[in-house]
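Coordinates in review
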Amino acid sequence: MADTLSIRRVSASPDAYIPISALRSGGPTYAKLVDIGACIGCKGCEVACKEWNDLGVEPTANFGSYQSHRDLSPKTWLLMRFNEVEVDGNLNWLIKKDACLHCEEPGCLFACPAPGAIVQYTNGIVDFNQENCIGCQYCVTGCPFDIPRFDVHTRKVSKCNMCIDRVEAGLEPACVKTCPTNAISWGSKHDMLALADKKVETLNARGYQNAAVYNPAGVGGTHMMYVVPHGDRLADYSLPSDPTASPAPMTALGFLKRVGAYLMGFGVLGALGHFLRYGPERLEEHEDHEPHGDAGAPAA
Amino acid sequence: MAERVFNRFTYFERIVHWVVGVTFVVLLATGLAFSHPPLFWLTGILGGGPAARVLHPWIGALFSVGMGAMAFIWLRDMVLDESDWRWLRAVKHYATRDSRNVPPAGKYNAGQKMFFWFQAVFAVAHLGSGIPLWFPAGFDAALLQWMRLIHYAVTLGGGLLLIVHVYLGTIAYPGTARAMIDGTVTERWARHHHPRWHEEQTGR
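Report on the accompanying structure. Throughout this document, residue positions are counted from 1 along each chain, in the order its sequence is written. Here chains are named by letter from A upward and ligands by number from 1 upward, in the order in which they appear as written. This being a predicted model, a pLDDT of at least 70 is required before a residue's local features are given, and a value of 80 or more before pairs of side-chain atoms are given or counted; all residues contribute to the totals for chains, interfaces and linings.

Remarks on the overall build of chain B
So the rule is basically this: For the purposes of this entry, the term helix denotes a DSSP run of H or I that reaches at least four residues, the term strand denotes a run of E that reaches at least two, and both are numbered from the N terminus. In this scheme the burial state of a residue depends on its C-beta neighbours within 10 Å: 20 or more other such atoms mean buried, 12 or fewer mean exposed, and anything in between means partly exposed; the C-beta positions come from the backbone.
A count of helices and strands for chain B gives eight helices and two strands. Beginning at the N terminus, the succession of helices and strands in chain B can be written as β-α-α-α-α-α-α-β-α-α. Principal axes of the C-alpha set define a box for chain B whose edges measure 60 × 35 × 30 Å. Scored against the burial criterion, the 204 residues of chain B give a buried share of 32%.

Okay, here's the thing in structure tokens:
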């Protein structure tokens, strides 16, 4: 398992903006593949996630859905969303395994101002390091999938870490391990892409003509991918059709920051330059002159 | 014989000025720390990153209150009149110390008035964009991204103006800073920089 945790990017550091290849030849680049068509909605993955990551129980209430919690939280990193949608006149659960997608181009990491609070490993995992987190929640503004959740008590943000402690030890993430129907697969990104294509073919053969792989290019692809039976209805799965890691305002902000640093520096230098040219204004020298604006006025 | 002095700013005005001034500098320092990783160490002035993140918005709230007080005491004085536009057209002469060609200023010259208006607009933009960033939960991510852009842009504008303000108020024009310390200026200073105000003071 050599090089499993070699680092690719670190938040708020120059490397965050320059994709560097691993210093050492990296180990495998992992991916999780979620075959939504094979999910039976047992939520075993949710339980496994809570258990392995020791997240504890949150009181829940029935809100008229089969879904366990209304939303992700600092204690719920994985939520099976049961979207009830009519497809061809029949009620369908378009289930979404809502958790971090571990983007190749992580918007959270690009948005993070705290050095070292978000780390991307060459194996594809994007991990939050709460020790360095300042609780600004800029990662929330940068994530195109609305995944990170802020804990108001600890003032830290957290999310799925792909069970990095298991992966590091050569194991699959807890949700993968527990899934009874093998709806969640684990392996190299390359293998998972190949498997995804096969799954799409199978779905096509079963009549799901719009079955598709969700591995959005706008974020450079993801390390959790989905196979969705109804690829034409991404919105009904709560999946953004065109997520991006560098939306227009953030691109503009990045440009402005580069210019801004220079402008502030030149502002100080400009004032200094003016001072060296004109010096402090000595009023004694003006004593025999007229004050401001009296040029040409008759002598008093 | 000691030179005659004039009261330029009241105790309350000076308090308000320094509340705004000190909070602005602390906000600028921590804001730059949040925007430029090489300056992240500036969060140390408030006790580190997490503490700076908690305190920055509260200090911003205090700054906003101070700006509100400034608007209350100075708004009427800051309205630009015809002579101010002539002053602005002659700003080149002001910058090059060619004081004979600068139209005489009242209590505030047009540059000071423009500084007030720009900072007032920037303060409103800072507050408006800062509140969603203070409590981002429940706001749309795209909206927050725009707020970040606006917040940074007005910080840049305000920061650049601050450089000019501090430079002119200190080393460029000796005798100016005391107006914001003990509240007074000398007659010579008043007659040179604000002749029309000087006339009002002396009743000449």
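With respect to the environment of A:Ile125
Residues and elements named next belong to chain A. The condition that has to hold: Two residues qualify as a contact pair if the distance between their C-beta atoms, derived from the backbone, is within 7 Å.
Position of Ile 125 relative to the elements: it lies in the loop between strand S5 (118–121) and strand S6 (126–128). Note on Ile 125: 24 C-beta atoms within 10 Å, which makes it buried. Separated by 39 residues in the primary sequence, Ile 125 and Glu 86 have C-alpha atoms spaced 35 Å apart. For Ile 125, the residues in contact, after removing those within four places along its chain, are His 102, Asn 161, Met 162, Ile 164, Val 167 and His 223.

Considerations on the environment of B:Val25
All names here are of chain B. Of note, Val 25 is situated in helix H1 (residues 11–35). Residue classification places Val 25 among the partly exposed residues on the basis of 14 C-beta atoms within 10 Å. Once the C-alpha coordinates of Val 25 and Leu 162 are considered, the two residues, 137 residues apart in sequence, prove to be 8.9 Å apart.

As for the sheet that holds S5(A)
All names here are of chain A. To be explicit about the condition: Two strands make a pair as long as DSSP finds a minimum of two bridges between them. Where helices are involved, their axes are fitted lines through C-alpha atoms of the stretch in contact, as for all axes, and angles between N-to-C directions lie from 0 to 180°.
The three strands lie next to each other as S1-S5-S6, forming an open sheet whose pairing is antiparallel. For this open sheet the edge positions go to strand S1 (7–10) and S6, each flanked by a neighbour on one side alone. Strand-to-strand, the axes of this sheet are offset by a mean angle of 25°, without reference to chain direction.

Quick look at the interface of chain B and chain A
Quick note on the threshold: Three classes are used: nonpolar for Ala, Val, Leu, Ile, Met, Phe, Trp, Tyr, Cys and Pro, charged for Asp, Glu, Lys and Arg, and polar for all others, with Gly counted as polar.
Listed by partner, the interface residues are 43 residues for chain B and 40 residues for chain A. Put simply, the parts of the chain that give the side of chain B that touches chain A at least two residues each are H1, helix H2 (49–74), helix H6 (141–172) and helix H7 (187–193) of chain B. For the side of chain B that touches chain A, the element with the most residues is H6(B), which contributes 17 residues. Residue composition of the side of chain B that touches chain A, grouped by class: 28 nonpolar, nine polar and six charged.

Considerations on the nonpolar core
To be explicit about the condition: As used here, a nonpolar core is made of buried Ala, Val, Leu, Ile, Met, Phe, Trp, Tyr and Cys residues. They are joined through C-beta atoms within 7 Å.
Among the nonpolar cores identified, the biggest contains 80 residues, and A:Leu78, A:Cys112, A:Ile118, A:Cys139, A:Cys175, A:Met225 and A:Val227 are the most heavily contacted of them. For this core, the element with the highest residue contribution is strand S11 (residues 224–228) of chain A, accounting for five residues. Not counting the four nearest positions on each side in its chain, A:Leu78 is found in contact with A:Cys45, A:Glu46, A:Cys49, A:Lys97, A:Ala99, A:Cys160 and A:Cys175. Counting nine residues, the second-largest nonpolar core is a separate cluster that includes B:Val16, B:Val20, B:Leu27 and B:Phe63.

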